[in-house]
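The primary structure of each chain is shown beneath.
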Amino acid sequence: MLFAQLANLSHQVAATSARSRKTALLAELFREADAEDVPIVIPYLAGRLPQGRLGIGWKVLDQDVAPAAEPTLAVRDVDARLTEIGGVTGTGSQAERRRLVGELLAAATDVEQRYLFGLLTGEVRQGALDAVAVEGLASATGAPPADVRRAVMLAGSLQTVAQALLADGPPALERFRLTVGRPVLPMLAHSASSVAEAVEKLGACAVEEKLDGIRVQVHRDGPDVRLYTRTLDDITDRLPELTAAALELRGERFILDGEVIAFDETGRPRSFQETAGRVGSRLDVATAAEQVPVSPVFFDALSMDGRDLLDLPFTERHTELARLVPEPMRVRRTLVHGPDDLAEAERFLADTLVRGHEGVVLKALDAAYSAGRRGASWLKVKPVHTLDLVVLAAEWGHGRRTGKLSNLHLGARTADEGFAMLGKTFKGMTDAMLTWQTERLRELAVEEKRWGVTVRPELVVEIAYDGLQRSTRYPAGVTLRFARVIRYREDKSPAEADTVETLLAAHPEVTR
Ligand SMILES: Nc1ncnc2c1ncn2[C@@H]1O[C@H](COP(=O)(O)OP(=O)(O)OP(=O)(O)O)[C@@H](O)[C@H]1O
């Protein structure tokens, strides 16, 4: 497929707000695309580069190159060239990247050049496009949309399903069943501002402790155990004590969902940094396991003895979990029947906080497991307000922080797939974080200003704040009070950042 076709289509999709028109355009694209183009076309359409970081900043892009008269670039050529550019390292790499980008731009027509700029600066990001792409794909191949959606959920990747469907037609969907050894994206939670609000919304629900560890999915097939993160990375080799724990359970084939966390000798949780450091370290696992041993704490069962439990209600999945997993290895929970039991839910939250945990997750008793979704039937309640925001720019620091990029400009997602700045913060950063973010933000810089840099909106940072206040200086009409950095969330993409809409909905006191 020609890159020009993709550039034109992306432009047309962005120009229409009608979902049916977007779907029709994408269906047309899928009818014409080769199955091998799909792994490139789908991320490009959403504005994501499959290569991730390319090291292309403003200094590389700021060149005036005459466009080609005729489109000749194939989608796969462009992708191969970008991979090559991303692989340039060592001294003089910036100049070399600039030369290669110049060559690519010279081969591109005017429309293609503009699309490339958009892709490389992160401006054509269209996060919501994946859902429309599922419908377009269904329409192009004649597969029922619900079946395509379930396959994507289980495969954890639209690209994989699209490729199979385009190559083999609807029967290919059979391949995407829940299978031990093949991880699925975990179900996520929405936020509620209080236990009362959550119980009001859910009715009969389980209130579970929310442990501040790392999400883990444990697959066991006889003697084989595999462990996966929420982004589906295989971390089996890093956590031998989890494999041992899974082998001790009296079941042969299962998939469990839970949290891995480090406790101290009194049973209180150690800091998140300690757990995350342990889960992140691949080197000298034996020493790390001695210094920071971790434990699994399970809260869901997705598959048992070859039976797929995803569509069962929470209560039944939990019964299966309780049959397999002994109590200390399960999250603590209490049941409430509705608003009349509010006191019980509040007491459980208070007790959980005293024991050193972050908060609670309330789960509707009748809800299925929606893999890969932020289901409305799981609501988390934490006493400290936190948001996942995207860094839009950063200012050079002063005094002790001279030479470091310090004050961050923070953005939330908007309905039109852009970002609205909510405020700035330089608080809460450790020295290590400052050094790290300076390096990372310089790589992401698209423009250098006297005061700092503006960056590709890629880095997600978790921010604590005390509340919202109205402000005419910021585009959403509000700004954060006492925003401070908790940690970077490299496991999250900007498409998973919080939206202005949910933020405003969480603060009726300001928006009323
Ligand atoms: N009992 C529990 N049930 C579900 N998730 C839990 C539980 N205890 C801890 N967690 C963790 O909380 C996360 C759910 O919160 P959410 O889906 O909002 O993800 P998140 O944005 O990473 O959350 P946060 O930033 O609040 O940790 C899960 O991914 C899991 O790691």
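Conventions used here
- Residues numbered from 1 in each chain as written.
- Predicted model: local features only at pLDDT ≥ 70, side-chain atom pairs only at ≥ 80, totals over all residues.
- Heavy atoms only, no water.
- Axes fitted to C-alpha atoms, helices over the stretch in contact; angles between N-to-C directions.
- Helix = DSSP H or I, 4+ residues; strand = E, 2+ residues; numbered from the N terminus.
- Left-handed = near helix turned anticlockwise from the far one by under 90°.
- Contact = heavy atoms within 4.5 Å.
- Pairing = 2+ DSSP bridges.
- Core = buried A, V, L, I, M, F, W, Y, C linked by side-chain atoms within 4.5 Å.
- Buried < 20%, exposed > 50% of the residue type's maximum accessible area, 1.4 Å probe, protein only.
- Near = heavy atom within 4 Å.
- Polar contact = N/O pair within 3.5 Å; in protein donor to acceptor, adjacent residues only side chain to side chain.
- Areas by Shrake-Rupley, 256 points an atom, 1.4 Å probe, with all protein chains shown as cover.
- Parallel < 35°, antiparallel > 145°, perpendicular 65-115°, else oblique.
- Arc of directions from axis to C-beta.
- Domains from an automatic or database assignment.
- Buried area = accessible area lost by both parts, 1.4 Å probe.
- Salt bridge = Lys/Arg side-chain N within 4 Å of Asp/Glu carboxyl O.
- Nonpolar A, V, L, I, M, F, W, Y, C, P; charged D, E, K, R; others polar.
- Phe/Tyr/Trp six-rings, centres within 6.5 Å; stacked < 30°, edge-to-face > 60°.
- Lys NZ or Arg CZ within 6 Å of the ring centre and 35° of its normal.

### Focus on the packing of helix α1 (residues 3-15) against helix α3 (residues 38-46)
Part 1: At a minimum axis separation of 10 Å, α1 and α3 run at an interaxial angle of 35 degrees. Where α1 crosses over α3, the handedness of that crossing is right-handed. On α3, the residues that touch F3, L6, L9 and S10 of α1 are V41, Y44 and L45.

### Considering the sheet that holds strand β9 (residues 359-364)
Sheet strands associate in pairs through backbone hydrogen bonding, adopting either a parallel or an antiparallel arrangement.
Part 1: Spatial strand order, β1-β10-β9-β2-β8: five strands in an open sheet with mixed pairing. Taken across any chain shown, the strands that pair with only one partner, and hence form the sheet edges, are β1 (188-191) and β8 (333-336). Each neighbouring strand pair of the sheet contributes to a mean axis angle of 35 degrees, computed without reference to strand direction.

### Focus: the nonpolar core
Part 1: Core analysis: the biggest nonpolar cluster contains 59 residues, and F3, L26, Y44, L82, V148 and V161 have the highest contact counts within it.
Part 2: Other than its neighbours up to four places away in sequence, L82 contacts Y44, L49, Q51, L54, L104 and L120.
Part 3: Listed in part, the 31 residues of the second largest apolar core include L434, L441, V453 and V455.

### Regarding the site of the ligand
Part 1: Taken together, 20 residues sit near the ligand, with R230, E259, K380, K382 and K492 positioned nearest.
Part 2: One of the side-chain nitrogen or oxygen atoms of K210 is found 3.1 Å away from an oxygen atom of the ligand.
Part 3: Between R230 and the ligand, the recorded distance is 2.8 Å, taken from a side-chain N or O atom to an oxygen atom.
Part 4: Relative to its free-state accessible area of 590 Å², the ligand is covered by the protein chains to the extent of 96%.

### Observations regarding the packing of α1 against helix α7 (residues 110-121)
Part 1: Direction vectors running N to C along α1 and α7 enclose 70 degrees, while the axes themselves pass 9 Å from each other. By the angle class used here, α1 and α7 are roughly perpendicular. Considering how the two elements wind past one another, α1 and α7 form a crossing that is left-handed. Between α1, through F3, A4, L6, A7, N8 and S10, and α7, the contact on the second element is made entirely by V111, E112, Y115, L116 and L119.

### Things to note about helix α11 (residues 195-202)
Part 1: All of the buried residues along α11 are V195, A198, V199 and L202. Around the axis of α11, the buried residues are gathered within 95 degrees of arc, so they sit on the same side. With respect to the buried face of α11, the exposed residues turned more than 90 degrees away are E200 and K201.
Part 2: Packing partners of the buried residues in α11 comprise β2 (205-210), β8, α16 (342-354), β9 and β10 (374-381).
Part 3: Backbone geometry just after α11 places G203 at a positive phi near 75 degrees.

### Re the domain arrangement of the chain
Many structure descriptions define interface size as the accessible area lost when the parts assemble.
Part 1: As assigned here, the chain comprises domain 1 (3-174), domain 2 (188-381) and domain 3 (385-511).
Part 2: With five residues of domain 1 at the interface, the matching set in domain 2 holds six residues.
Part 3: Roughly 420 Å² of surface becomes buried between domain 1 and domain 2 when both sides are summed, with 52% attributable to carbon and sulfur atoms.
Part 4: Between the two partners, domain 1 and domain 2, sit two salt bridges.
Part 5: Notably, a salt bridge pairs D308 with R150, separated by 2.8 Å at the nearest N-O pair.
Part 6: Our count for the contact surface shared by domain 1 and domain 2 stands at two residue pairs in polar contact (both at pLDDT 80 or more).
Part 7: The residue inventory of the side of domain 1 that touches domain 2, partitioned by class, reads two nonpolar, one polar and two charged.

### Brief notes about the packing of aromatic side chains
Part 1: Inspection of the entire model under this criterion finds four aromatic pairs.
Part 2: Note on F3 and Y115: the rings are 5.5 Å apart at their centroids and 40 degrees apart in plane angle, and the pair reads as tilted. Of the two residues, F3 sits in helix α1 while Y115 sits in helix α7, which places them 112 residues apart along the sequence. For the pair formed by F3 and Y115, the shared burial category is buried.
Part 3: Summarising the aromatic geometry, the rings of Y369 and W378 are spaced 6.0 Å apart at their centres and angled 85 degrees between planes, so their arrangement reads as edge-to-face.
Part 4: Judged by its relative accessible area of 2%, Y369 is buried.
Part 5: The exposure class assigned to W378 is buried, which follows from its relative accessible area of 4%.
Part 6: These aromatic residues form a ring-pair network of at least three members: F299, Y369 and W378.
Part 7: The residue whose ring lies beneath K427 is F426, and the NZ or CZ to ring-centre distance is 5.4 Å.
Part 8: The positively charged end of R487 is found above the aromatic ring belonging to F272, 3.7 Å away from the centroid.

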